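Structure assessment
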Amino acid sequence: MGGLVPGVERIAVLRANAIGDFLLSVPALDALRSAYPDAKLTLLGLPWHAGFLEGRPGPVDEVVALPPITGVSTSEGGHPVPGGLCEGLRERAFDLAVQIHGGGRYSNPFVRRLGARVTAGLRTPDADELDRWVPYVDHHHESLRFLEVAALVGGRAGDRAGDRAGGLEPQVAVTGRDREELAAAFGAPPPGLVAVHPGARDPRRRWPVERFAAVADRLGRPVVVTGSAAERDLVEGVVAAMRRPAVAVAGTLGLGALAALYERCDLVIGNDTGPRHLAAAVGTPTVAVYWCVNLVSYGPLTRTRHRPLISWTTGCPVCGVDGVDPRGERCPHDVSWVRDVPVDDVLEQAGDLLAESGGPDA
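From a predicted model like this one, the values you see are computed outputs, not experimental measurements.

What follows covers helix H8 (residues 232–241). Of all the positions in H8, only Leu234, Val235 and Val238 are classed as buried. Seen along its axis, H8 keeps its buried residues to an arc of 100 degrees; they face one direction. Residues of H8 that are exposed and point more than 90 degrees away from the buried face comprise Asp233 and Ala240. Where H8 is buried, its residues contact helix H7 (209–219), strand E8 (223–227) and strand E9 (247–250).

Next comes the structure, spelled out in structure tokens:
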């Protein structure tokens, strides 16, 4: 691949999107930190990155929150690079600029404008070349994709203290501030707690709420159902469908407090979504329902503590349109594509992981 770049004191990394996307990039960020332990690593991200990462141990030293830029920090059109932004970033004199953001059609020209001595990243055939690059291809796990980019400049995944996954799975530290925020908003989590997260940005990735409720009822554990403010109906739907009592938490916890809550759980059960990645990153076992195609790119890479249940649906349940072709058009139907995953299969994996935690069996 590529060797270390000599004399690197400042590194810029572009990764400006949501929590799950960021967490999938953490192994590559760790690899860059290990390769350049004395360099200052600046994440070019979003305002939420700045708030979440401030004071949090990890590979990122600082965050520059980007304004909306089409293809770089937002998918919306009509947002060119603001005048003076790249000029200001060039004043930071980056030695190395790394793009782990996507195929590069918009992001590679932006990275090249930073003026770094060496650029590295991903590239589709229609994107500008960087100094060192690997092809962006479909159906490749995101964490492994980003580790390939880190390898272009000498970064390698490696063992971390207490890491069972050889540097392949993300780790995030929970801080005292996170725990204080959790205590203020939620109180003290009960022992043996299980979290259920029924939401997902794409409705097609959502397992039905009544099935989450059925699993939660049969666990025999205290249950908290989590979600964003926009997912309140899903959260309340699970609680309403349960026969046992459960606590609903929708939109009341920030990311740090949510990380602290998941840290105190024996298990998190959910869909393919950012909170599942967050739970895994703080060390909590997870069971999650995945659509087969998304599992390839976003699923857990290890199985000791993380169990994906896979839907093999390949066409829209309403109109039958092919969902496997990444270049195919999306049909207008937002029904669940993962409802074929049986309750008993999810319950079996949950019970197995809970038995390892030392609590009561499911």
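Judged by how many residues are buried, strand E2 (residues 40–45) sits mostly within the fold: five of six residues are covered. Here five bridges tie strand E1 (residues 10–14) to E2, and the two strands are oriented parallel to one another. Looking at the pairing, Leu14 lines up with Leu44 of E2. Handedness of the β-α-β unit built from E1, helix H1 (residues 19–35) and E2 comes out right-handed. Examined bridge by bridge, E2 and strand E3 (residues 62–65) share four bridges and lie parallel to one another. Paired with Thr42 across the two strands is Glu62, which belongs to E3. Viewed along the sheet, the connection from E2 through helix H2 (residues 47–53) into E3 turns out right-handed.

Looking now at the sheet that holds strand E6 (residues 132–135). Judged by pairing direction, the sheet is parallel, and its six strands sit side by side in the order E3-E2-E1-E4-E5-E6 without closing on themselves. Both edges of this open sheet fall to E3 and E6, since each of them pairs with a single strand only. Here the average twist between neighbouring strands, direction ignored, is 15 degrees. Sheet analysis places strand E4 (residues 96–99) next to strand E5 (residues 118–123), joined by four bridges and oriented parallel.

Bringing the nonpolar core into the picture now. Judged by nonpolar contacts, the single largest core of 53 residues is most densely connected at Ile11, Val13, Leu23, Tyr36, Leu96, Val98 and Tyr262. At nine residues, the largest contribution of residues to this core is made by H1. With residues near it in sequence (within four places) discarded, Leu96 still touches Val5, Val8, Arg10, Ile11, Ala12, Tyr36, Ala116, Val118 and Val153. Among the nonpolar cores identified, the runner-up in size contains 33 residues, and Val196, Val215, Val225 and Cys331 belong to it.

Let us look at the packing of aromatic side chains. Applying the stated criterion to the full structure yields four aromatic pairs. Arranged with centres 6.1 Å apart and planes meeting at 85 degrees, the rings of Phe22 and Trp48 form a pair that is edge-to-face. Of this pair, Phe22 sits in helix H1 while Trp48 sits in helix H2; the two residues are 26 residues apart in sequence, bridging distant segments of the chain. For Phe22, a relative accessible area of 3% puts it in the buried group. Taking 6.1 Å as the distance between ring centres and 50 degrees as the angle between the ring planes, the aromatic pair formed by Trp48 and Phe52 counts as tilted. Of this pair, Trp48 and Phe52 both sit in helix H2, four residues apart, which is roughly one turn of that helix. These aromatic residues form a ring-pair network of at least three members: Phe22, Trp48 and Phe52. The residue whose ring lies beneath Arg56 is Phe52, and the NZ or CZ to ring-centre distance is 4.0 Å.

In spatial order, the strands read E9-E8-E7-E10-E11-E12; together these six strands make up an open sheet with parallel pairing. Because the sheet does not close on itself, it has two edges, and the strands there are E9 and strand E12 (306–311). Looking at each pair of strands side by side, their axes are set apart by 20 degrees on average, direction ignored. Sheet topology places strand E7 (residues 194–197) next to strand E10 (residues 267–271); four bridges connect them, and they run parallel. Residue pairing for E10: Val196 is matched across the bridge by Ile269. On the sheet, H7 packs against E7, E8 and E10 and is oriented at approximately 165 degrees with respect to E10.

All right, on to the packing of H1 against helix H5 (residues 142–152) then. Close contact between H1 and H5 brings their axes to 7 Å; oriented N to C, the two are set at 20 degrees. By the angle between their directions, the pair H1 and H5 is classed as roughly parallel. For H1 against H5, the interelement crossing comes out right-handed. Two secondary-structure elements touch here, H1 through Leu24, Ser25, Pro27, Ala28, Ala31 and Leu32 and H5 through Glu142, Ser143, Phe146, Leu147 and Ala150. Looking at the contact of H1 with H5 residue by residue, the class counts come to eight nonpolar, two polar and one charged.

How each quantity is defined
Residues numbered from 1 in each chain as written. Predicted model: local features only at pLDDT ≥ 70, side-chain atom pairs only at ≥ 80, totals over all residues. Heavy atoms only, no water. Buried < 20%, exposed > 50% of the residue type's maximum accessible area, 1.4 Å probe, protein only. Helix = DSSP H or I, 4+ residues; strand = E, 2+ residues; numbered from the N terminus. Arc of directions from axis to C-beta. Contact = heavy atoms within 4.5 Å. Pairing = 2+ DSSP bridges. Right-handed = clockwise from strand over helix to strand, strands pointing away. Axes fitted to C-alpha atoms, helices over the stretch in contact; angles between N-to-C directions. Core = buried A, V, L, I, M, F, W, Y, C linked by side-chain atoms within 4.5 Å. Phe/Tyr/Trp six-rings, centres within 6.5 Å; stacked < 30°, edge-to-face > 60°. Lys NZ or Arg CZ within 6 Å of the ring centre and 35° of its normal. Parallel < 35°, antiparallel > 145°, perpendicular 65-115°, else oblique. Left-handed = near helix turned anticlockwise from the far one by under 90°. Nonpolar A, V, L, I, M, F, W, Y, C, P; charged D, E, K, R; others polar.

Keep in mind these values describe shape, not function.
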